[in-house]
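Architecture at a glance
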Amino acid sequence: MTGSPLGAAVEQDGAMTVATASGLTTSEIVYRVNDLEVRYGGEPAVTDLTLDIAPREITAIIGPSGSGKSTFLRCLNRMNDLVSGAEVVGRVEYHGHDLYAPEVDAVEVRRRIGMVFQQPNPFPKSIYDNVAFGPRLRERRPAGLADRVEAALTRAALWDEVKDKLKSNALSLSGGQQQRLCIARALAVEPDVILMDEPASALDPIATARIEDLMAELKRDYTIVIVTHNMQQAARVSDRTAFLTTDVSPGGGRVGRLVEFDSTDVIFTAPSDARTEGYITGRYG
Ligand SMILES: Nc1ncnc2c1ncn2[C@@H]1O[C@H](COP(=O)(O)OP(=O)(O)OP(=O)(O)O)[C@@H](O)[C@H]1O
Ligand SMILES: [Mg+2]
């Protein structure tokens with residue numbers, strides 16, 4: 001199955017709903033991505049992406065370097081709008097609304113749907129001010145800010161380590177702590193989705209394990225989409241996995257495509273495409 005939706009359409013009470021593999025209806029699906037292509041300078045970098053993202057699950061995006069994983073992730077919060085020469089074609093629905101409709105405020109989208117990157121990127125401000133940043137930007141006088149900062153740091157499993165030094169510069173934290181701070185910063189605006197682009201690849205194994213534990217905790221309340229190069233990590237943490245690869249055209253052009261999207265169990269134990277199997281068993285990529 002190539003990027004098939006989460007389920008098949010069925011008639012229910014006379015109205016069209018969509019029953020899904022996880023028992024969801026279409027209105028519950030967080031993202032419906034349909035026939036998405038992203039071009040840089042007019043050249044397609046990734047094409048033909050169709051997949052759904054289910055709520056309160058971790059969806060992993062895996063595939064070789066250059067297959068368009070980061071490019072795809074940036075479509076989900078309109079970060080590609082900020083990349084000069086980037087053009088997004090196709091449809092991304094977020095909770096049933098066209099994310100690219102003219103009336104949608106892309107700045108607000110990026111504020112609402114946080115992204116965590118490979119290199120932790122706290123602002124050179126205090127720990128407190130990092131987490132308070134989003135609420136302060138969104139609200140003129142954020143009510144109960146100190147409590148919200150504490151709540152976000154607690155959710156990000158960092159509170160105990162920083163509660164006595166909230167005024168310290170965030171850059172004085174370790175890499176793993178900085179990454180959890182970036183997650184806290186994303187959580188402080190009460191998003192329902194968190195996008196993570198290789199969030200643990202710059203961290204040591206212990207800090208990585210903490211991030212993975214944290215993700216498992218967060219998915220009770222949040223939808224997480226993670227790009228990872230680490231296949232064990234995808235297998236450990238995710239519910240569904242999308243495998244992208246790079247096709248080389250006769251003219252030498254390279255374009256990323258979705259090969260297979262399925263439950264993580266299926267992808268890692270019984271993939272239906274030989275390219276997926278080759279990749280996960282390390283034969284190429
Ligand atoms: N800002 C950009 N301008 C031009 N081309 C870009 C830009 N960003 C990405 N590309 C191109 O798009 C393709 C996909 O890149 P992308 O970074 O999405 O891949 P990736 O799967 O995330 O790779 P990696 O695993 O190395 O991070 C590549 O060919 C890349 O060169
Ligand atoms: Mg990338």
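Check the entry above for the structure.
Quick look at the structure, then. (Residues numbered from 1 in each chain as written. Chains lettered and ligands numbered in written order. Predicted model: local features only at pLDDT ≥ 70, side-chain atom pairs only at ≥ 80, totals over all residues.)

**Structural notes on the overall build of the chain**
What the chain contains, in helices and strands, is 10 helices and 12 strands. Expressed as a percentage of its 285 residues, the buried residues of the chain come to 39%. Here the contacts in the chain between residues at least 6 apart in sequence split such that 67% fall between residues at least 24 apart. (Helix = DSSP H or I, 4+ residues; strand = E, 2+ residues; numbered from the N terminus. Buried ≥ 20, exposed ≤ 12 C-beta atoms within 10 Å, placed from the backbone. Contact = placed C-beta atoms within 7 Å.)

**Considerations on the sheet that holds strand β6 (residues 86-94)**
Taken in spatial order, the 10 strands line up as β7-β6-β3-β4-β12-β11-β5-β10-β9-β8 in an open sheet, and their pairing is mixed. In this open sheet, the two strands that pair with only one neighbour each are β7 (97-98) and β8 (114-116). Strand direction decides the pairing type here: β8 and strand β9 (residues 193-197), joined by three bridges, are parallel. Paired with V116 across the strands is M196, a residue of β9. In the packing of helix α6 (residues 175-187) onto the sheet, contacts are made with β8 and β9, and the angle to β8 comes to roughly 175 degrees. (Pairing = 2+ DSSP bridges. Axes fitted to C-alpha atoms, helices over the stretch in contact; angles between N-to-C directions.)

**What to know about the nonpolar core**
The biggest cluster of nonpolar side chains holds 70 residues, and the ones touching the most others in it are I61, A184, I194, L195 and I224. Among the elements that make up this core, the one with the highest residue count is α6 (six residues). Every residue in contact with I61, bar those within four places of it in the chain, is listed here: K69, F72, L73, V225, V227, A242 and L244. (Core = buried A, V, L, I, M, F, W, Y, C linked by C-beta atoms within 7 Å.)

**With respect to unusual backbone geometry**
Not every positive phi belongs to a glycine, and D35 is a case in point at roughly 55 degrees. Mapped onto the elements, D35 comes out in strand β3 (residues 31-40). Residues other than glycine seldom take positive phi values, yet R78 does so here, at roughly 65 degrees. Tracing the sequence through the fold places R78 in the loop between α1 (69-75) and β6.

**A word on the packing of α6 against helix α7 (residues 205-218)**
Orientation of α6 relative to α7, taken along the N-to-C sense of each, is 20 degrees, at an axis distance of 9 Å. With respect to α7, the axis of α6 lies roughly parallel. Where α6 crosses over α7, the handedness of that crossing is right-handed. Contact with α6, carried on its side by G175, G176, Q179, R180 and I183, involves A207, R210, I211 and L214 of α7 and no other residues of that element. Classifying every residue of the contact of α6 with α7 gives four nonpolar, three polar and two charged. (Parallel < 35°, antiparallel > 145°, perpendicular 65-115°, else oblique. Left-handed = near helix turned anticlockwise from the far one by under 90°. Nonpolar A, V, L, I, M, F, W, Y, C, P; charged D, E, K, R; others polar.)

**Some words on the environment of A132**
With respect to the helices and strands, A132 occurs in helix α3 (residues 127-138). By the C-beta count within 10 Å, which is 21 here, A132 ends up buried. With 53 residues separating them along the chain, A132 and R185 place their C-alpha atoms 7.3 Å apart. With residues near it in sequence (within four places) discarded, A132 still touches L145 and V149.

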